[in-house]
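Residue-level structure breakdown
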Amino acid sequence: MPAVWFHHIDKDLSTPTWSHWMAEGLRGRRLIRSDMRGVGLSDPDPHRWNFDSLLDDFVAVIDGAGVEKLDVLGMSHGALVAIAYAARFPERVRRLVLIGGYAEGFGVRNDPEEIMRRETLLNLGRGYAPSDRGSFARMLGALYWPEANSEMMDWFVDRLGTISVLSEQLQDVFRTIDLRPDLAKIQAPTLIMHSRGDRIIPSACSETMAAQIAGSKLVLLDSENHIPLDHDKGWTRARAALRAFLGEKERVFA
């Protein structure tokens, strides 16, 4: 499971955002995870931070675990690493699952309204003093997860505070990346899921991926949340689709 900036491997099993996804990944499987460089338990000041370094990290984690073949789950911007890995190592990926992801950054998608919204958010983030970033985090969290409760908002405030140093580098990478040429190289059976009401990554991004990954299956979820929470109806369908796609046979899942 390629890391995203929300993750913290010591906390995710008890986090309302991911705990139900982690539990599903652990059903009869070995789940391999890591923190993204610069956050979580990783070195907070990495010497190199770009997309190639994120892919290199994932390759190193899988190789270090001694795994030859695996299923890969990519959520949010973690889908980028999942796509690149599946395209470059097709012999190692049995199945690919992409949730709330995209193959091209918002600068490449070049939707003027989306660019304006994102640039506005970036400028707002820069304008908040470190002592008051909690206010900005709660506003941003409401866009990611409109149905979140106060516990989850507290979690988001904590997680957003961990990437203040990396935020500009994050945006530079995810603004300009374009992995659309990799989509046609993916050979693994692929399940793509996206919330219809996602305010962070448009569901059209998953429709683009589904159109270009041969034989892929697209499931649009009735949810307003970027990644479905365990109490929304989108999760019920996502869980059923995931179980049907992966089956009950024991697998390595990363």
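Residues numbered from 1 in each chain as written. Predicted model: local features only at pLDDT ≥ 70, side-chain atom pairs only at ≥ 80, totals over all residues. Heavy atoms only, no water.

Turning to the side chain of His 20, a few remarks are in order. One can find His 20 in helix H1 (residues 19–25). In terms of polar contacts, His 20 uses its side chain to reach the side chain of Trp 21, at 3.3 Å. Excluding anything up to four places from it in sequence, His 20 contacts Pro 228, Leu 229, Asp 230 and Trp 235. (Helix = DSSP H or I, 4+ residues; strand = E, 2+ residues; numbered from the N terminus. Polar contact = N/O pair within 3.5 Å; in protein donor to acceptor, adjacent residues only side chain to side chain. Contact = heavy atoms within 4.5 Å.)

Before going further, it helps to examine the pairing of strand E5 (residues 217–221). In the sheet, strand E4 (residues 190–195) pairs with E5 via five bridges, with the strands oriented parallel. Among the inter-strand pairings, Ile 192 is bridged to a residue of E5, identified as Leu 218. After leaving E4, the chain enters helix H10 (residues 204–212) and then returns to the sheet as E5, a path that is right-handed. (Pairing = 2+ DSSP bridges. Right-handed = clockwise from strand over helix to strand, strands pointing away.)

Ranked by size, the top nonpolar core spans 74 residues in total, and within it Trp 21, Tyr 85, Leu 98, Trp 145 and Met 193 carry the most contacts. With nine residues, the single largest contributor to this core is helix H3 (residues 78–88). (Core = buried A, V, L, I, M, F, W, Y, C linked by side-chain atoms within 4.5 Å. Buried < 20%, exposed > 50% of the residue type's maximum accessible area, 1.4 Å probe, protein only.)

Following the criterion strictly, the structure yields nine salt bridges and no others. Note that Arg 109 and Glu 114 form a salt bridge whose closest N and O atoms lie 2.5 Å from each other. Residue Arg 109 is classed as buried on the basis of its relative accessible area of 18%. Glu 114 gets classed as buried once you look at its relative accessible area, which sits at 4%. Salt bridges here are not isolated pairs; linked through shared partners, they connect Arg 88, Asp 182 and Lys 185. (Salt bridge = Lys/Arg side-chain N within 4 Å of Asp/Glu carboxyl O.)

Summed over the entire model, instances satisfying the criterion amount to four aromatic pairs. Residues Trp 21 and Trp 235 carry aromatic rings whose centres are separated by 4.7 Å and whose planes lie at 65° to one another, so their mutual orientation is edge-to-face. Of this pair, Trp 21 sits in helix H1 while Trp 235 sits in helix H11 (residues 233–246), placing them 214 residues apart in sequence. Through pairs of rings, three or more aromatic residues link up here, namely Phe 58, Tyr 85 and Phe 89. The lysine or arginine in question, Arg 95, covers the ring of Phe 245, its NZ or CZ lying 5.2 Å from the ring centre. Positioned above the aromatic ring of Tyr 102 is the side chain of Arg 109, whose terminal nitrogen or guanidinium carbon lies 5.3 Å from the ring centre. (Phe/Tyr/Trp six-rings, centres within 6.5 Å; stacked < 30°, edge-to-face > 60°. Lys NZ or Arg CZ within 6 Å of the ring centre and 35° of its normal.)

Moving on, we come to the pairing of E4. With six of six residues buried, E4 lies mostly within the body of the structure. What you see with E4 is no split at all: Thr 190, Ile 192 and His 194 on one side and Leu 191, Met 193 and Ser 195 on the other are buried throughout. When strand E3 (residues 93–99) meets E4, the two strands line up parallel, connected through four bridges. For Ile 99, the partnering residue across the bridge sits in E4 and is Met 193.

Take unusual backbone geometry next. Here the phi dihedral of Ser 76 falls at roughly 55°; this positive angle occurs in a residue that is not glycine. The backbone of Asn 110 sits at a positive phi, close to 60°, despite the residue not being glycine. By the element assignment, Asn 110 lies in the loop between helix H4 (106–109) and helix H5 (112–127). A residue is classified by how much of its surface remains accessible, and Asn 110, at 53% relative accessible area, is exposed.

What follows is about the packing of helix H2 (residues 51–64) against H3. Relative to each other, H2 and H3 sit at 65°, their axes nearing to 10 Å. Between H2 and H3, the crossing angle belongs to the class labelled roughly perpendicular. The two elements H2 and H3 meet at a crossing, and its hand is right-handed. Every residue of H3 that contacts H2 at Phe 51, Leu 54, Leu 55, Phe 58, Val 59 and Ile 62 is listed here: Leu 80, Val 81, Ala 84, Tyr 85 and Arg 88. Per-class residue counts for the contact of H2 with H3 are ten nonpolar, no polar and one charged. (Axes fitted to C-alpha atoms, helices over the stretch in contact; angles between N-to-C directions. Parallel < 35°, antiparallel > 145°, perpendicular 65-115°, else oblique. Left-handed = near helix turned anticlockwise from the far one by under 90°. Nonpolar A, V, L, I, M, F, W, Y, C, P; charged D, E, K, R; others polar.)

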